[in-house]
Amino acid sequence: MKPESFGQLPDTIESLPPLEAGSIRLDHITHKSHVADILTHGLDYDAQGMISSVTRGWDRSQDIVWKINDRRFSGDDVVHIVIDMPFDMHKLHNNITKAPGRVPTEYIVGAIPEYNLQ
């Protein structure tokens with residue numbers, strides 16, 4: 001079963017925009033039922049305190065490891081929300097005392113269903 005389309009966002013690794021210099025690429029893995037809310041309101045990590053609690057990050061695209069050998073984070077219902085964020089903004093979102101608790105939608109650059117990673 002393939003998940004529904006996620007609008008105009010890239011849905012494959014190859015269709016993602018290049019990672020800009022001075023930015024970090026974050027991967028948030030979620031169930032497809034949460035994607036519409038994330039794309040509408042941004043990624044809410046307030047209960048976890050900081051962005052690194054709910055994402056994995058890389059500063060070089062070629063280093064990204066998309067697949068995880070963990071059944072909780074794999075299958076047809078899994079979607080990778082891809083976020084590109086400037087380093088200074090990432091520093092703010094990773095500061096537990098100052099983090100705003102939500103990544104704005106403007107930083108979301110892709111929604112890649114797990115089946116597109118195979």
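To keep things clear, this report deals only with the structure shown in the data block. (Residues numbered from 1 in each chain as written. Predicted model: local features only at pLDDT ≥ 70, side-chain atom pairs only at ≥ 80, totals over all residues. Heavy atoms only, no water.)

1. Thoughts on the pairing of strand S4 (residues 78–86)
What counts is decided by this rule: Per-residue accessibility, obtained with a 1.4 Å probe over protein chains only, is compared with the maximum for each type, and a residue is labelled buried under 20%, exposed over 50%, and partly exposed between these values. Elements are defined by DSSP. Helices are runs of H or I of four residues or more, strands are runs of E of two residues or more, and each kind is numbered from the N terminus. Pairing between strands requires that DSSP locate at least two bridges from one strand to the other.
Among the nine residues that make up S4, eight are buried, leaving the element largely enclosed by the rest of the structure. The pairing of strand S1 (residues 23–31) with S4 spans nine bridges and is antiparallel. The partner of histidine 31 across the bridge, within S4, is valine 78. Pairing of S4 with strand S6 (residues 108–113), which is carried by five bridges, proceeds in the antiparallel orientation. Bridging across to S6, histidine 80 finds its partner in isoleucine 112.

2. Digging into the side chain of serine 23
Note the threshold: Throughout, a contact is declared for two residues whenever any of their heavy atoms are within 4.5 Å.
Among the structural elements, serine 23 can be located in strand S1. Leave out the neighbours within four places in its chain, and serine 23 touches Asp59, Met85, Pro86 and Phe87.

3. With respect to the pairing of S1
By the criterion of burial, S1 is predominantly enclosed, with eight of the nine residues buried. Bridge analysis of S1 against strand S3 (residues 56–58) gives three bridges, and the strand direction is antiparallel. Following the sheet pairing, aspartate 27 is matched in S3 by arginine 56.

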